[in-house]
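Structural characterization, general
Here are the chains, one letter per residue:
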Amino acid sequence: MMIGKVVGKVVSTVKYPSLVGTKLFLVQIPWDSPGSRVELAVDSVRAASEGDMVYLIDSSEAAASMRKGLVPTDLAIVGLVEHCYREGR
């Protein structure tokens, strides 16, 4: 599990059938590091929007999180982070 920040959205008019109706977002991981990367994530909670901090799962767990059987995805948003505290910062 990891924390990231939604930095953009992806519009796709043609999708794999089990992804129809889902939102796709660009997520910066990790959200607070200069060496971060941006990846594509499926919004399995259907509540994320740009600027939100989210927690994510990857691999086969991401595919299983969609509640539609196995979906072809490697990264899924599974929750919204309301507050994040890191000691020393």
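Counting restarts for each chain: residues are numbered from 1 in the order of the written sequence. At least 70 in pLDDT is required for a residue's local features to be given in this predicted model, at least 80 for side-chain atom pairs to be given and counted, and no such filter applies to totals for whole chains, interfaces and linings, which use all residues. Note that the side-chain values use all heavy atoms of the structure and ignore hydrogens as well as water.

Take the overall build of the protein next. The helix and strand inventory of the protein stands at 1 helix and 5 strands. Ordered by position from the N terminus, the helices and strands of the protein form the series β-β-β-β-α-β. What the globule rule says is 2.2 Å times the number of residues to the power 0.38, and the radius of gyration is computed from C-alpha atoms. The globule rule puts the C-alpha radius of gyration for 89 residues at 12 Å, and the 13 Å found for the protein is close to it. Each residue is placed in one exposure class: buried if its accessible area under a 1.4 Å probe, protein chains only, is under 20% of its type's maximum, exposed if it is over 50%, and partly exposed if it falls in between. Per-residue burial over the protein gives 34% buried out of 89 residues. Counting only contacts in the protein whose residues sit at least 6 apart along the sequence, the fraction spanning at least 24 positions is 53%. Secondary structure elements are defined from DSSP: runs of H or I of at least 4 residues count as helices, runs of E of at least 2 residues count as strands, and each element is numbered from the N terminus. For this analysis, residues touch if any pair of their heavy atoms sits within 4.5 Å.

By nonpolar core is meant a set of buried Ala, Val, Leu, Ile, Met, Phe, Trp, Tyr and Cys residues that side-chain atoms within 4.5 Å join together. With 11 residues, the main nonpolar core is built from M2, V6, F25, V27, I29, A41, A48, V54, L56, L75 and I77. Broken down by secondary-structure element, the contributors of at least two residues to this core are β1 (2-10), β2 (24-29), β4 (53-58) and β5 (75-80). At 3 residues, the largest contribution of residues to this core is made by β2. If sequence neighbours within four positions are ignored, I77 has contacts with V6, F25, V27, A41, V42, D43, S44, V45, A48, V54, Y55 and L56. In this structure, L19, L24, V42 and M66 belong to the second largest nonpolar core, which totals 5 residues.

Relative to the helices and strands, D43 resides in strand β3 (residues 37-43). Positive: Lys, Arg. Negative: Asp, Glu. His and the chain ends are not part of the count. Here a salt bridge means any side-chain nitrogen of Lys or Arg lying within 4 Å of a carboxyl oxygen belonging to Asp or Glu. For the buried residue D43, which engages in no salt bridge, the nearest side chain bearing the opposite charge is K23, 5.2 Å off. Any pair of nitrogen or oxygen atoms within 3.5 Å is treated as a polar contact; in protein, a donor-acceptor pairing is required on top of that, and neighbouring residues in sequence qualify only through side-chain atoms on both sides. A polar contact of 3.3 Å, which involves the side chain of D43, links it to the backbone nitrogen of V45. A distance of 3.1 Å separates the side chain of D43 from the backbone nitrogen of A47, its partner in a polar contact. Look past the residues within four positions of D43 in its chain and what remains in contact with it is K23, F25, A48 and I77.

On average, the protein scores 87 in pLDDT, and the residues at 70 or more come to 97%. Along the chain, pLDDT gives the predictor's confidence residue by residue, from 0 to 100. Mean pLDDT values for the elements of the protein range from 78 in helix α1 (residues 60-64) up to 95 in β2.

It is worth spelling out the sheet that holds β3 at this point. Strands pair, by our definition, only if DSSP identifies at least two bridges between them. What the 5 strands build is a closed barrel, ordered β1-β2-β3-β5-β4; its pairing is mixed. Taken pair by pair, the neighbouring strands of this sheet meet at an average axis angle of 55°, ignoring direction. Where β1 and β4 come together, 4 bridges link them in antiparallel fashion. By the bridge assignment, G4 is partnered in β4 with V54. In this description, a line fitted to the C-alpha atoms serves as the axis of each element, helices being fitted only across the stretch in contact, and the angle between N-to-C directions of two axes falls anywhere from 0 to 180 degrees.

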